[in-house]
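# Commentary on secondary and tertiary structure
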Amino acid sequence: MKQLKQFELLKMMEAKETDKLVKELEALMSEGVELYMGRALYYMYEVGEKEEYLETISALANKAKDYEITDIKDMYTVQPFYMQYDTNKGGKGHYAEIIAKINGVDKAFYNDSLELEDLEWYLLGLIDTLAVTSEQIFEYYMTIIQLFKKAFKQWCSRNVEPSEVMQYVIDKACDMKVILREKYQKGC
């Protein structure tokens, strides 16, 4: 599942395991470049390890722009990377389009009977997109927060222990002050 591989790459980025990340990316890229690699490639570009990734990143951003999300998990694959690219390289010119896609995902896939795993990947997509969204574009920033809180409330209502993915979501949301650490650090 591409989302799990993307999450593994994300954990390497968070741990600043650059050497391991380079090896993993090179192995994955030998089989072809996929959208789920976008954020890791962008990370490598930003830390100065692989300047040649910029062309690939731009091509992936063009692919992300036109990507039709057909599964709620695809939100995590596409939107955080595309928002990061638009924030840093696109002049924030596609924010309205990105938020429209996120709203479209919410309307098309989000409901009270959403499978727990899908809900967790949706929350991960929202919090990681929020993390790379400029707060200066307040309306869009707040839209993502509102969607996150709505979905997080649903997750809390299920009274389950956080999975590894969900614990990451909770920790990041607490770090970003989207939810209160004192209340949610260990779940709901």
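Here, the structure is the one placed above.
Summary of the structure given here.

Parameters at a glance
- Residues numbered from 1 in each chain as written.
- Predicted model: local features only at pLDDT ≥ 70, side-chain atom pairs only at ≥ 80, totals over all residues.
- Heavy atoms only, no water.
- Core = buried A, V, L, I, M, F, W, Y, C linked by side-chain atoms within 4.5 Å.
- Buried < 20%, exposed > 50% of the residue type's maximum accessible area, 1.4 Å probe, protein only.
- Helix = DSSP H or I, 4+ residues; strand = E, 2+ residues; numbered from the N terminus.
- Expected span 1.5 Å × (residues − 1).
- Contact = heavy atoms within 4.5 Å.
- Phe/Tyr/Trp six-rings, centres within 6.5 Å; stacked < 30°, edge-to-face > 60°.

## Remarks on the nonpolar core
One finds Phe148 and Phe152 to be the most contacted residues of the largest nonpolar core, which totals 67 residues. Looking at which element gives the most residues to this core, the answer is helix 8 (residues 138-157), with nine residues.

## Looking at unusual backbone geometry
Look at asparagine 159: it is not a glycine, yet its phi comes out positive at around 50°. Along the chain, asparagine 159 falls in the loop between helix 8 and helix 9 (164-175). On the basis of relative accessibility, which here comes to 67%, the residue asparagine 159 falls in the exposed class. Residues other than glycine seldom take positive phi values, yet lysine 177 does so here, at roughly 65°. Structurally, lysine 177 is set in the loop between helix 9 and helix 10 (181-184).

## Focus: helix 9
An α-helix turns once every 3.6 residues. As a result, residues three or four positions apart point the same way. Counted at 1.5 Å a residue, the expected span for helix 9 with its 12 residues is 16 Å, and the 16 Å between its end C-alpha atoms agrees. Along helix 9, the residues classified as buried are Val165, Met166, Tyr168, Val169, Ile170, Lys172, Ala173 and Cys174. In this structure, the buried side of helix 9 is in contact with helix 1 (2-14), helix 3 (38-46), helix 7 (116-131), helix 8 and helix 10. Directly beyond the C-terminal end of helix 9, a positive phi value near 65° is found at lysine 177.

## Some points on the environment of alanine 61
Within the secondary structure, alanine 61 sits in helix 4 (residues 53-66). Those residues in contact with alanine 61 that lie beyond four places of it in its chain are Phe81, Tyr82 and Tyr85.

## Regarding the environment of methionine 12
Positionally, methionine 12 belongs in helix 1. Distance from methionine 12 to lysine 2, taken between C-alpha atoms, is 15 Å for residues 10 residues apart in sequence. With sequence-adjacent residues up to four places away left out, methionine 12 is seen in contact with Glu17, Lys20, Leu21 and Glu24.

## Some points on the environment of glutamine 154
By the element assignment, glutamine 154 lies in helix 8. For glutamine 154, a relative accessible area of 7% translates into the label buried. C-alpha of glutamine 154 to C-alpha of asparagine 111: the two residues are 43 residues apart in sequence and 9.2 Å apart in space. Setting aside chain neighbours within four positions, we find glutamine 154 in contact with Tyr110, Asn111, Asp112, Ser113, Leu114 and Leu119.

## A word on the packing of aromatic side chains
In this structure the tally under the stated criterion is eight aromatic pairs. Ring geometry for phenylalanine 148 and phenylalanine 152: centres 5.7 Å apart, planes at 10°, overall stacked. Pair noted here: phenylalanine 148 and phenylalanine 152 are both in helix 8, with a separation of four residues, about one helical turn. Looking at phenylalanine 152, the relative accessible area reads 3%, which means it is buried. An aromatic cluster is built from Phe7, Tyr76, Trp121 and Tyr168, whose rings are joined through pairwise contacts.

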